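Take a look at the letters that make up each chain.
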Amino acid sequence: FCVTVQPVPAGMPAYPPQTVGSPQTQRPLFTEDDLKQVKDMFPNMEDEVVRSVLEANRGNKDATINSLLQMNSD
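Treat the numbers as computed from the prediction; the structure is a model and nothing was measured.

*Asks:* Would you mind going over helix α1 (residues 32–41) in detail, with residue names and values included?
*Replies:* Among all positions in α1, only D34, L35 and V38 are buried. Buried residues of α1 fall within an arc of 100 degrees about the axis and therefore sit on the same side. The outward face of α1, more than 90 degrees from its buried face, is lined by the exposed residues E32 and D40. Buried residues along α1 sit in contact with α2 (47–56) and α3 (61–73).

Laid out in structure tokens, this is it:
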């Protein structure tokens, strides 16, 4: 058993591209209700900021709340 490794040409990623499922098959990271719950806790924060942080935390509400609390304390 022998494996030949080819060098990766300059400028090319050294990993295979990630495949993303179609929007119909991909489950959302969070629901609108999840978003509303977090937004209700931070009424003075812009909606897009809350949505972005929730997306960055892959729908994890606890991590999102901690991130937003940290942002508010700065």
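*Asks:* Give a detailed account of the packing of α1 against α2, specifying residues and quantitative values.
*Replies:* At a minimum axis separation of 10 Å, α1 and α2 run at an interaxial angle of 120 degrees. Classified by the angle between their axes, α1 and α2 sit oblique to one another. At the point where α1 passes α2, the crossing takes the right-handed sense. Seen from α1, the contacting residues are E32, D34, L35, V38 and K39; seen from α2, they are D47, V50, R51 and L54. In the contact of α1 with α2, the residues fall into 4 nonpolar, no polar and 5 charged.

Rules behind the numbers
Residues numbered from 1 in each chain as written. Predicted model: local features only at pLDDT ≥ 70, side-chain atom pairs only at ≥ 80, totals over all residues. Heavy atoms only, no water. Buried < 20%, exposed > 50% of the residue type's maximum accessible area, 1.4 Å probe, protein only. Helix = DSSP H or I, 4+ residues; strand = E, 2+ residues; numbered from the N terminus. Arc of directions from axis to C-beta. Contact = heavy atoms within 4.5 Å. Axes fitted to C-alpha atoms, helices over the stretch in contact; angles between N-to-C directions. Parallel < 35°, antiparallel > 145°, perpendicular 65-115°, else oblique. Left-handed = near helix turned anticlockwise from the far one by under 90°. Nonpolar A, V, L, I, M, F, W, Y, C, P; charged D, E, K, R; others polar.

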